[in-house]
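These are the residues of each chain, in order.
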Amino acid sequence: MRSARRWLTVSVVSHGQGDLVASLLKDLDRFCDPGSLEVILTLNVPEPLPLKESDIRYPLTVIENPLPKGFGANHNAAFRSASGSGYCVLNPDVRFSSDPFGPLRPRLEDPRVGVTAPLVTDPAGRVEDSARRMPTPMRILRRILGGRQEEEYDVGHPLVEPDWVAGIFMLFPAHVFREAGGFDERYHMYCEDVELCTRIRLLGYRIVQDRSVRVVHDARRNSHRNWIHLAWHVRSLTRFFLSDVYKDAGGGDVKSN
């Protein structure tokens, strides 16, 4: 039976990334209160469990897909089994050195907040651009021509309200995720996070990044070196720019309450 103290459901999807998932699950067990969370692990392709359930102290639910699904479809399916008042979408290549959820929980208690996230760094400690302004064709072009981009928000400010936060780590009040209808599953990969954050802002909620909380992301930039992933990325951006959501947002001018 699930404990009433388990306020958080964490959704992780593995694409044959058992070593990364094992490290993440151990971090969750080591640094987080096991009585406060449950984990739903989706195996998107056939693979053995990355560790024994007896190696961790929190409930672990495993979903094994008969056929691979996209990012949004996997996390939407996990949400249907979630019981927490908080719902976290988490990449398998994220690592912790302390509990990020306890410090982020007060953000969820603000009724104006629809998504919160920590500051994300690479293993060398460099800040990643995981909190960004609304993409536009011109901004995308500048990123392509300009290479590595400077931070779009002030790193020195503890709280920022970006247009969107990356799917690396997204923590939602479960009722907001439900109200928004979850991820748009037509985006097989890439831009699901942008699109969902935009719809959440259109509902009147804020996106908040708490930079006093940090996690490490060992990024795997597949879209930079794999033509299939690059094609998915281009297709998703095109879908977003042609969508009613982008039109309703006015190219990033939507204001939260």
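Now for a look at the structure at hand. (Residues numbered from 1 in each chain as written. Predicted model: local features only at pLDDT ≥ 70, side-chain atom pairs only at ≥ 80, totals over all residues. Heavy atoms only, no water.)

### Let's talk about the pattern of salt bridges
Here's step 1: For the structure shown, the criterion picks out 10 salt bridges.
Here's step 2: Ionic pairing is found between Asp29 and Arg57, a salt bridge with its closest N-O pair at 3.2 Å. Here the residue Asp29 occupies a position in helix α1 (residues 18–31), and Arg57 occupies one in the loop between β2 (37–43) and β3 (60–64), the gap between them amounting to 28 residues.
Here's step 3: Between Asp210 and Arg107 there is a salt bridge, with the nearest N and O atoms lying 3.1 Å from each other. Separated by 103 residues along the polypeptide, Asp210 in strand β11 (residues 206–217) and Arg107 in helix α3 (residues 101–108) bring together distant segments of the chain.
Here's step 4: Classification of Asp210 by relative accessible area gives buried; the value is 2%. (Salt bridge = Lys/Arg side-chain N within 4 Å of Asp/Glu carboxyl O. Helix = DSSP H or I, 4+ residues; strand = E, 2+ residues; numbered from the N terminus. Buried < 20%, exposed > 50% of the residue type's maximum accessible area, 1.4 Å probe, protein only.)

### Observations concerning the environment of Ser97
Here's step 1: Take Ser97: it is sitting in the loop between β5 (94–95) and α3.
Here's step 2: Under the relative-accessibility criterion, Ser97 is labelled exposed at 60%.
Here's step 3: A C-alpha to C-alpha distance of 8.5 Å links Ser97 and Val216, two positions 119 residues apart in sequence.

### Some details on the nonpolar core
Here's step 1: In this structure, Leu28, Leu90, Phe96, Phe101, Phe169, Phe172 and Ile200 are the most contacted members of the largest nonpolar core, which totals 62 residues.
Here's step 2: With five residues, β2 is the largest single contributor of residues to this core.
Here's step 3: Beyond its immediate stretch of four places on either side in the chain, Phe172 contacts Ser85, Gly86, Tyr87, Val89, Leu108, Gly114, Val115, Phe177, Phe183, Leu196 and Ile200. (Core = buried A, V, L, I, M, F, W, Y, C linked by side-chain atoms within 4.5 Å. Contact = heavy atoms within 4.5 Å.)

### Some points on a nonpolar patch on the surface
Here's step 1: A surface patch of nonpolar side chains, about 450 Å² in accessible area, is lined by Met138, Leu141, Ile144 and Leu145.
Here's step 2: As for its position among the elements, Ile144 is in helix α4 (residues 137–146). (Patch = residues over 30% accessible without salt bridge, like charges linked within 9 Å, V, L, I, M, F, W, Y side chains within 5 Å. Areas by Shrake-Rupley, 256 points an atom, 1.4 Å probe, with all protein chains shown as cover.)

### What to know about unusual backbone geometry
Here's step 1: Phi angles above zero are rare outside glycine, and Tyr190 is one such case at about 80 degrees.
Here's step 2: Within the secondary structure layout, Tyr190 lies in the loop between α5 (174–180) and α6 (192–202).
Here's step 3: You can call Tyr190 buried: its relative accessible area is 19%.
Here's step 4: At Cys191, a position not held by glycine, the phi torsion is positive, near 75 degrees.
Here's step 5: Within the secondary structure, Cys191 sits in the loop between α5 and α6.
Here's step 6: Cys191 sits in the buried class, given a relative accessible area of 6%.

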